[in-house]
Amino acid sequence: MERISAKWRGGTAIGTAIVLALAAWPAAAVEISYASGVVGTAIDSFRERVKPWEEATGNTVNFVPMPASTSDQFGQYRLWLAAGNADIDLYQTDIIWAAQLADQFVDLSGPAAEIAAASFPAIIESQTVDGRLVALPLYTDAPALYYRADLLEKYGAGVPRSWEELTETAARIQAEERAAGNGDFWGFVWQGNAYEGLSCNALEWLASSGGGHVVEADGAISVNNPAAIEALELAAGWVGTISPPGVLAYQEEEARGVWQTGNALFMRNWPYAYALGNGADSPVKGLFGVAPLPAGGDDGGSAATLGGWNVAVSKYSQHQEAAISLALYLAGPEAQKAGALGEAHLPTLVALYDDPEIAAAQPIVPRWKEIFEQAVPRPSAPTKGAYNEVSARFWSAVHETLSGQGSAAENLELLELDLDDLKGRGW
Ligand code: GLC
């Protein structure tokens, strides 16, 4: 306790507030269950990260590992929460879930007032439903185009600025590398499985090509338009040419698997892959760079989908005070800084972008501030409680198009009708 308090006391006002809260902690220790998806090295880092809190409070944290897919997590959490499950105290929640699960979570606006004031306002807003702060941001997310700098240099190619350029460069260098003997080499890996990650990828293709955001901020369904159709057709052409046929089953970790063994020229992925790709035992360590995703069409710009993870306290938790204390600790400066240093997680506390240690350890973090500030939100705010159904219909239509089951034009027309039905007289 002494060691930790001293460290926190030297920190920010938020740190001090947490220490004071901890100092007043009642003696009876409890076990807190924390449910979270597991991607990369998440379990080990989490266990490491909660140690100071466990030591300071005497409580213990039971990590409940969930599947990597955010869609699978959501399905399970929704069932547990609907059944009033008291076994899970805290849930790690995706940025898009706030409106759908708000009623099941405790309002943290009071206890987290200081953290909220030190955070990016848009992120706090994304977790605020009817004035209730239903989850505290742990980190934000915005994807990058990962590229093999060594291979681009070897073949005299630039970092692609447009999807067309990416398609050409990937095809050319893939052919060269295969001719040179690497039969497993691919031009571009991304997330093509039928799940939320595909909605993120496809939103980027659409938004970067002037094809809208599926559902617009005013609730209008915009997905069936010529620019969106063209963008999807281009992506469908990647499958089996510059991207492996198996990309239709890839989530983040499968894409990273191909990339990190050195078998891909380009990858679309979130910043966590930057830390792991530069890990001591990574074959691509030091060989790659990151750039904004390519722009689409003639008048398009780069578009990155806004992601991010939060922590929410279940209203059915029987240890709410301890659960809130852990949420504050995990969303506070010490834990966010550890996430940035170790996993290249993008902090949601503004001040950490000026932290020289983070900039030195994970240079992507300060570089990505601008990218995440301009990132495109998924239409979870306008579609409210229906977002998961909207997204599931979108990723299905996209997955069918990528698999050659119907053209983009046919599938987006059907999707539009389906979304109209779902919307009824309003979201
Ligand atoms: C990342 C993002 C999250 C998104 C998910 C999709 O984890 O942070 O917001 O839903 O990827 O796979």
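Let's talk about a negative patch on the surface
Phase 1 of the analysis: Judged by side-chain charge, Glu164, Glu168, Glu230 and Glu233 come together as a negatively charged surface patch.
Phase 2 of the analysis: Every element with two or more residues in the negative patch is listed here: α9 (163-179) and α11 (226-236).
Phase 3 of the analysis: Examined against the element boundaries, Glu164 turns out to sit in helix α9.
Phase 4 of the analysis: Among the residues examined, Glu164 registers a relative accessible area of 35% and is labelled partly exposed.

Quick look at the pairing of strand β2 (residues 60-66)
Phase 1 of the analysis: Alignment of strand β1 (residues 31-37) against β2, held across seven bridges, turns out to be parallel. When the sheet's bridge partners are listed, Ser36 is paired in β2 with Pro65.

Examining the sheet that holds strand β3 (residues 90-94)
Phase 1 of the analysis: Spatial strand order, β2-β1-β3-β11-β6: five strands in an open sheet with mixed pairing. In the strand order of this sheet, the two ends are held by β2 and β6 (136-141), each with one partner. Neighbour-to-neighbour, the strand axes of this sheet turn through a mean angle of 20°, independent of strand direction.
Phase 2 of the analysis: Two strands pair when backbone bridges link them, and β1 and β3 are joined in this way by two bridges, in the parallel orientation. Along β3, the bridge assignment pairs Ala35 with Tyr91.
Phase 3 of the analysis: Contacts from helix α14 (residues 320-331) reach β1, β2, β3, β6 and β11 (307-313), with the element oriented near 35° to β6.

Brief notes about the sheet that holds strand β7 (residues 144-148)
Phase 1 of the analysis: If you walk across this open sheet you meet the four strands as β8-β9-β7-β10, and the pairing is mixed. Each edge of the sheet is formed by a strand with only one pairing partner; in this case those strands are β8 (186-189) and β10 (288-291). Averaged over all pairs of adjacent strands, the angle between their axes in this sheet comes to 15°, without regard to strand direction.
Phase 2 of the analysis: Across four bridges, the pairing between β7 and strand β9 (residues 264-269) is antiparallel. In the sheet register, Leu145 faces β9, and the bridge partner there is Arg268.
Phase 3 of the analysis: Along the sheet, helix α12 (residues 252-260) contacts β7, β8, β9 and β10; its crossing angle with β9, the most-contacted strand, is approximately 155°.

Observations regarding unusual backbone geometry
Phase 1 of the analysis: A positive phi angle, near 50°, is found at Asp130, a position not held by glycine.
Phase 2 of the analysis: Residue placement: Asp130 occurs in the loop between β4 (128-129) and β5 (132-133).

Describing the side chain of Asn388
Phase 1 of the analysis: The residue Asn388 is located in helix α20 (residues 387-402) in this model.
Phase 2 of the analysis: Leave out the neighbours within four places in its chain, and Asn388 touches Phe74, Arg78, Gln100 and Trp395.

Looking at the domain arrangement of the protein chain
Phase 1 of the analysis: When its domains are assigned, the protein chain resolves into domain 1 (2-142 + 307-376) and domain 2 (144-305 + 379-423).
Phase 2 of the analysis: Counting residues at the interface gives 27 residues for domain 1 and 28 residues for domain 2.
Phase 3 of the analysis: Surface buried jointly by domain 1 and domain 2 totals about 2300 Å² across both partners, of which 67% is contributed by carbon and sulfur atoms.
Phase 4 of the analysis: Of all residues in domain 1, Ile96, Ile364 and Val376 bury the most surface against domain 2, accounting for 24% of the area lost on that side.
Phase 5 of the analysis: Where domain 1 packs against domain 2, one counts one salt bridge.
Phase 6 of the analysis: Taken together, domain 1 and domain 2 are joined by seven residue pairs in polar contact (both at pLDDT 80 or more).
Phase 7 of the analysis: When residues of the side of domain 1 that touches domain 2 are traced back to their parent elements, those giving at least two are α4 (70-82), α5 (98-101), α15 (333-343) and α17 (364-367).

Remarks on the pairing of β10
Phase 1 of the analysis: On β10, burial covers both faces: Phe288 and Val290 on one face and Gly289 and Ala291 on the other are all buried.
Phase 2 of the analysis: The pairing of β7 with β10 spans four bridges and is antiparallel. When the sheet's bridge partners are listed, Arg148 is paired in β10 with Phe288.

With respect to the environment of Ala228
Phase 1 of the analysis: By secondary structure assignment, the location of Ala228 is in helix α11.
Phase 2 of the analysis: Given the relative accessible area of 0%, Ala228 is considered buried.
Phase 3 of the analysis: C-alpha separation for the pair Ala228 and Gln251, spaced 23 residues apart in sequence, amounts to 22 Å.
Phase 4 of the analysis: Aside from chain neighbours lying at most four places away, what touches Ala228 is Leu206, Gly211, Val223 and Leu412.

Rules used throughout
Residues numbered from 1 in each chain as written. Predicted model: local features only at pLDDT ≥ 70, side-chain atom pairs only at ≥ 80, totals over all residues. Heavy atoms only, no water. Patch = residues over 30% accessible without salt bridge, like charges linked within 9 Å, V, L, I, M, F, W, Y side chains within 5 Å. Areas by Shrake-Rupley, 256 points an atom, 1.4 Å probe, with all protein chains shown as cover. Salt bridge = Lys/Arg side-chain N within 4 Å of Asp/Glu carboxyl O. Lys, Arg positive; Asp, Glu negative; His and termini not counted. Charge placed at Lys NZ, Arg CZ, Asp CG, Glu CD. Helix = DSSP H or I, 4+ residues; strand = E, 2+ residues; numbered from the N terminus. Buried < 20%, exposed > 50% of the residue type's maximum accessible area, 1.4 Å probe, protein only. Pairing = 2+ DSSP bridges. Axes fitted to C-alpha atoms, helices over the stretch in contact; angles between N-to-C directions. Contact = heavy atoms within 4.5 Å. Domains from an automatic or database assignment. Buried area = accessible area lost by both parts, 1.4 Å probe. Polar contact = N/O pair within 3.5 Å; in protein donor to acceptor, adjacent residues only side chain to side chain.

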